[in-house]
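Close look at the chain arrangement
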Amino acid sequence: QLELHIRRQPGGVASEWVFERIDVGERVAVTGPYGDFTFDPEGTTPIALLGGGTGLAPLEAIVRQALSLAPDRQILLYHGVRTCADLYDVDFLRELETRHPGFRYVTCVSRESGGDRAGYVTDAFLEDVASAKEFTGYICGSEAFVEASVKAFKRRRMSPRRIRRERFTPAG
């Protein structure tokens, strides 16, 4: 089973195709994955995940897998959006927080009040984490989001070899 998190992008080749041509429940053929943005199921280090917008999708899958293997593992998930309307899966992630004391979910809203924190994910991470030396990091979002997040991780002494990233790329 595959779960997709797709934000409609006006003029976007892929998102317009999905919203205009595919019905909920319709079968589609997919291929992949084709990258190295993968979770290490044998890892034991704490995890920090920073996601922008629908960049939450792969991070949520990583959180689910990590908690299924080690329910008490320290995991910090930061989700950054522009408006509260852009937040999703909040109830599910809050419920995970209640069941897993090592898991923390932080919403950051940059263009209006609301969420757990005002502003950017990177600022919240830097305020919350004194040292990420022992962490493995996962980042998913736009090119600018990924660059800023890598800098934040490095500022907290996360090893570059432990930083995994997935950038949004335009289709077409």
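Residues numbered from 1 in each chain as written. Predicted model: local features only at pLDDT ≥ 70, side-chain atom pairs only at ≥ 80, totals over all residues. Heavy atoms only, no water.

Attention now moves to the packing of helix H2 (residues 56-69) against helix H3 (residues 90-99). At a closest axis distance of 12 Å, the pairing of H2 and H3 adopts a crossing angle of 25°. Relative to H3, the element H2 is oriented roughly parallel. In this structure, H2 meets H3 at a crossing whose hand is left-handed. Touching Leu56, Glu60, Val63, Arg64 and Leu67 of H2 are Phe92, Leu93 and Leu96, all from H3. Looking at the contact of H2 with H3, its residues break down into six nonpolar, no polar and two charged. (Axes fitted to C-alpha atoms, helices over the stretch in contact; angles between N-to-C directions. Helix = DSSP H or I, 4+ residues; strand = E, 2+ residues; numbered from the N terminus. Parallel < 35°, antiparallel > 145°, perpendicular 65-115°, else oblique. Left-handed = near helix turned anticlockwise from the far one by under 90°. Contact = heavy atoms within 4.5 Å. Nonpolar A, V, L, I, M, F, W, Y, C, P; charged D, E, K, R; others polar.)

Side chains that differ in sign of charge can pair as their charged atoms come close. Counting across every chain of the model gives ten salt bridges. With its nearest N and O atoms 3.1 Å apart, the salt bridge here joins Glu16 to Arg8. Overall, the relative accessible area of 36% leaves Arg8 in the partly exposed class. Between Glu97 and Arg94 there is a salt bridge, with the nearest N and O atoms lying 3.1 Å from each other. On the criterion of helical spacing, the pair formed by Glu97 and Arg94 is a turn pair, its members being three residues apart in helix H3. Take Arg94: its relative accessible area is 24%, and that puts it in the partly exposed class. What you see here is one network of salt bridges that share partners, running through Arg104, Arg117, Glu127 and Asp128. (Salt bridge = Lys/Arg side-chain N within 4 Å of Asp/Glu carboxyl O. Buried < 20%, exposed > 50% of the residue type's maximum accessible area, 1.4 Å probe, protein only.)

Okay, H2 next. Taking 1.5 Å of rise per residue, 14 residues should cover 20 Å, and H2 covers 20 Å from first to last C-alpha, within 8% of that figure. For H2, the complete set of buried residues consists of Leu56, Leu59, Glu60, Ile62, Val63, Ala66 and Leu67. For H2, the buried positions fall inside an angular range of 160° around the axis, keeping them on one side. Looking at the buried side of H2, the elements it contacts are strand S1 (47-52), strand S2 (75-81), H3, strand S3 (103-109) and strand S5 (136-141). (Expected span 1.5 Å × (residues − 1). Arc of directions from axis to C-beta.)

With that out of the way, let us pick up the packing of aromatic side chains. Within this structure, the stated rule accounts for three aromatic pairs. Between Phe37 and Tyr138, the aromatic rings sit 6.0 Å apart at their centres with planes inclined by 80°, giving edge-to-face as the arrangement. Taken together, the residues span a long stretch of sequence, with Phe37 in the loop between helix H1 (13-21) and S1 and Tyr138 in strand S5 at a distance of 101 residues. There is no split in this pair, since Phe37 and Tyr138 are both buried. With centroids separated by 5.1 Å and ring planes inclined at 70°, the aromatic side chains of Phe125 and Phe153 adopt a geometry described as edge-to-face. (Phe/Tyr/Trp six-rings, centres within 6.5 Å; stacked < 30°, edge-to-face > 60°.)

What follows is about the pairing of S3. With six of its seven residues buried, S3 lies for the most part within the structure. Looking at chain direction, S2 and S3 are connected through seven bridges and run parallel. Paired with His79 across the bridge in S3 is Thr107. At this point the chain moves from S2, through H3, to the parallel S3, and the crossover so formed is right-handed. Taken together, the two bridges between S3 and strand S4 (residues 117-118) define a ladder with parallel strand orientation. (Pairing = 2+ DSSP bridges. Right-handed = clockwise from strand over helix to strand, strands pointing away.)

Relative to the assigned elements, Thr122 resides in helix H4 (residues 121-128). For Thr122, a relative accessible area of 15% translates into the label buried. Contacts of Thr122, omitting those with residues within four sequence positions, involve Ala148, Ser149 and Ala152.

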